[in-house]
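# Working through the structure, step by step
Here is what each chain is made of, one letter per residue.
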Amino acid sequence: MNADDLASWIRHAAELVSADADRLTRLDAAIGDGDHGLNLDRGFRAAVEALPADVPPGKVLITAGRAIVSKTGGASGPLYGTALRRAGKAMGDVGEVDAAGLGGALRAGLEGVVELGKAAEGDKTMIDALAPAVAAYEAALAEGSGLAGCVRAAAEAAAKGADGTVPMRARKGRASYLGARSEGHMDPGASSTALVLRALADVTGEG
């Protein structure tokens, strides 16, 4: 993937988030502040507007991450921003990112989110979509899949992970205050994470 490919990912993610903003907000209204979709829509729109030209792929993600942090309210801005900035930094200054490089970047993004949010799988957060996605990507890579196949595996695992948050009891964030009442609702952050990874699969031509 080159810088144009990653810019296309951010643009497509913005499109999917915008199209699904109302649903994401309804999910958040059930167990959170009720603003996840609107906030993330605003953040990704800002990321698209900030996309730089004539830079290495990593710089695209770093710039997008900074824009999301600056324009997205709540916890999602820092979390998504950290994920993208860490991923971009992991890419370094290379002009083309191969399957192994993208896998390393996704792993770095996950580690950044875990570090910032202090959450783990099973806590009913975006980690429940992102962690299995990264694991599936790495497993596909180890089996010899190309970049598109690895990304497709990651997107499928993220969607499954988001669905898996429905019966969970939240242990982090505002939703954790609800206790048992947080059960039976999909986590909005996991749902939006699945959307963003679906966007990545789409731009590889394997969505």
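Look a little higher up for the structure.
Okay, so let's go over this structure. Keep in mind that this is a model prediction, so the values were computed, not measured. (Residues numbered from 1 in each chain as written. Predicted model: local features only at pLDDT ≥ 70, side-chain atom pairs only at ≥ 80, totals over all residues. Heavy atoms only, no water.)

The helix and strand inventory of the protein stands at nine helices and zero strands. Shown N-terminal to C-terminal, the secondary structure of the protein runs as helices and strands in the order α-α-α-α-α-α-α-α-α. Relative to its length of 207 residues, the protein is compact, with a C-alpha radius of gyration of 16 Å against a globular reference of 17 Å. C-alpha atoms of the protein, sized along the principal axes, occupy 50 × 35 × 30 Å. Looking at the protein residue by residue over its 207 residues, the buried ones come to 52%. Contacts in the protein between residues far apart in sequence, at least 24 positions, make up 68% of those at least 6 positions apart. Taken as a whole, the protein presents about 8,900 Å² of accessible surface, with 50% of it coming from carbon and sulfur. Taken as two groups, the 22 positive and 27 negative side-chain charges of the protein have centres that lie 7 Å from each other. (Helix = DSSP H or I, 4+ residues; strand = E, 2+ residues; numbered from the N terminus. Rg over C-alpha atoms; globule rule 2.2 N^0.38 Å. Buried < 20%, exposed > 50% of the residue type's maximum accessible area, 1.4 Å probe, protein only. Contact = heavy atoms within 4.5 Å. Areas by Shrake-Rupley, 256 points an atom, 1.4 Å probe, with all protein chains shown as cover. Lys, Arg positive; Asp, Glu negative; His and termini not counted. Charge placed at Lys NZ, Arg CZ, Asp CG, Glu CD.)

Here we take up the pattern of salt bridges. Once their charged atoms are close, side chains differing in charge can pair, the charge on each being opposite to the other. Within this structure, the stated rule accounts for four salt bridges. Between Arg86 and Glu115 there is a salt bridge, with the nearest N and O atoms lying 3.2 Å from each other. Here Glu115 lies in helix α6 (residues 99-117) and Arg86 lies in helix α5 (residues 76-91), a separation of 29 residues in the sequence. (Salt bridge = Lys/Arg side-chain N within 4 Å of Asp/Glu carboxyl O.)

Tallied over the entire structure, the rule returns one aromatic pair. Between Phe44 and Tyr80, the ring centres sit 6.0 Å apart and the planes meet at 75 degrees, which makes this aromatic pair edge-to-face. Taken as a pair, Phe44 in helix α3 (residues 36-50) and Tyr80 in helix α5 lie far apart in primary sequence, 36 residues in all. Pair check on accessibility: Phe44 and Tyr80 agree, each one buried. (Phe/Tyr/Trp six-rings, centres within 6.5 Å; stacked < 30°, edge-to-face > 60°.)

Helical geometry note: an α-helix holds 3.6 residues per turn, so side chains three or four residues apart project in the same direction. Taking 1.5 Å per residue, 16 residues should reach 22 Å; helix α9 (residues 188-203) reaches 23 Å between its end C-alpha atoms and fits that length. Extensive coverage of α9 is indicated by the burial of 13 of its 16 residues. Put simply, Asp187 is the residue that caps the front of α9, since its side-chain oxygen is 3.1 Å from the backbone nitrogen of Gly189. Of the residues one or two after α9, Gly205 is the one with positive phi, at around 90 degrees. (Expected span 1.5 Å × (residues − 1). Polar contact = N/O pair within 3.5 Å; in protein donor to acceptor, adjacent residues only side chain to side chain.)

Another point: the nonpolar core. One finds Trp9, Ile10, Phe44, Leu61, Leu102 and Tyr137 to be the most contacted residues of the largest nonpolar core, which totals 61 residues. Here Leu102 is in contact with Met1, Met91, Val97, Tyr137, Leu147, Val151 and Leu200, once residues within four sequence places are set aside. (Core = buried A, V, L, I, M, F, W, Y, C linked by side-chain atoms within 4.5 Å.)

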